[in-house]
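For reference, the chains in residue letters:
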Amino acid sequence: MRPEVVAIARGWIGTPYRHAASVQGHGTDCLGLVRGIWRTLYGDEPGGVPPYTLDWGEPQGDERMWAAARRLMPERPRGEVAEAGDILLFRMRHGGIAKHLGVAAETGDRPSFIHAFQGHAVVESPLTRPWARRIVARFILP
């Protein structure tokens, strides 16, 4: 469990959605939120983020986000329950690529996660069944 990760993520709540941004209080997308948490914990980001479009590599079927996450963080074994502070990777539609990130905030009877998505500021949402079934991987920040 990483309560400091949850606390950092909650500090971003209310930050407006801005594609490819990562500035607390000014604008972020889901990747930018994770990048901001990384910077708070470790200083510099582990590498530059190339420009990306809203569709990520969807037309090509490239799992770019999943591959990048695997390079940088240990993946929690399949079937193992997420812990608060885990980075969650979602596939938003069947057959699509995994391209949405969130941070597990609460676990147990009332699970929640913190994320940024188009048209909304960073929010903490209940991790309802429709969201939970879209999770394809869970990562542990080093």
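Everything numeric in this text was worked out from a predicted model, so none of it was measured. (Residues numbered from 1 in each chain as written. Predicted model: local features only at pLDDT ≥ 70, side-chain atom pairs only at ≥ 80, totals over all residues. Heavy atoms only, no water.)

What is the right way to read the pattern of salt bridges from this model?
Opposite charge on two side chains makes pairing possible when the charged atoms of those side chains draw close. Enumeration according to the criterion identifies 10 salt bridges in this entry. With a closest N to O distance of 2.9 Å, Glu106 and Arg10 form a salt bridge. Here Arg10 lies in helix H1 (residues 3-11) and Glu106 lies in strand E4 (residues 98-106), a separation of 96 residues in the sequence. Arg10 gets classed as partly exposed once you look at its relative accessible area, which sits at 34%. Here Glu124 ties to Arg10 by a salt bridge, and the two come within 2.9 Å at their closest N and O atoms. (Salt bridge = Lys/Arg side-chain N within 4 Å of Asp/Glu carboxyl O. Helix = DSSP H or I, 4+ residues; strand = E, 2+ residues; numbered from the N terminus. Buried < 20%, exposed > 50% of the residue type's maximum accessible area, 1.4 Å probe, protein only.)

Honestly, the packing of aromatic side chains in this entry has me stumped. Any pointers?
Any pair of aromatic rings gets described here by the distance separating the centres and the angle formed by the planes. If you walk through the whole model with that rule in mind, you get 5 aromatic pairs. Relative to Phe113, the ring of Phe90 has its centre 5.1 Å away and its plane inclined at 40°; by these criteria the two rings are tilted. Highlighted residues: Phe90 in strand E3 (residues 87-91) and Phe113 in strand E5 (residues 112-115), separated in sequence by 23 residues. For the pair Phe90 and Phe113, a shared accessibility class is recorded, and that class is buried. Judged by centre distance (5.0 Å) and plane angle (65°), the rings of Phe113 and Trp131 are edge-to-face. (Phe/Tyr/Trp six-rings, centres within 6.5 Å; stacked < 30°, edge-to-face > 60°.)

For this particular structure, what's the right way to read the nonpolar core?
The nonpolar side chains of a soluble globular protein tend to be buried, and buried together. Core analysis: the biggest nonpolar cluster contains 31 residues, and Ile37, Ile87, Leu89, Leu101 and Phe139 have the highest contact counts within it. If one sorts the elements of this core by residue count, helix H2 (residues 30-42) sits on top with 6 residues. What Leu89 contacts, discounting residues up to four positions off in sequence, is Met65, Trp66, Ala98, Lys99, His100, Leu101, Arg134, Ile135, Val136, Ala137 and Phe139. Listed in part, the 8 residues of the second largest apolar core include Ala82, Leu88, Ala104 and Phe113. (Core = buried A, V, L, I, M, F, W, Y, C linked by side-chain atoms within 4.5 Å. Contact = heavy atoms within 4.5 Å.)

Explain the sheet that holds strand E6 (residues 123-126) to me, please; I cannot follow it from the model alone.
In sheet architecture, strand pairing relies on hydrogen bonds along the backbone and comes in two forms, parallel and antiparallel. In space, the 5 strands of this open sheet follow the order E6-E5-E4-E3-E7, with antiparallel pairing throughout. Since the sheet does not close on itself, it has two edges, and those belong to E6 and strand E7 (135-139), each with one partner. The average angle at which neighbouring strand axes cross in this sheet is 35°, direction not considered. In the sheet, E3 pairs with E7 via 4 bridges, with the strands oriented antiparallel. Each bridged residue has a counterpart across the sheet, and for Leu89 the counterpart in E7 is Ala137. (Pairing = 2+ DSSP bridges. Axes fitted to C-alpha atoms, helices over the stretch in contact; angles between N-to-C directions.)

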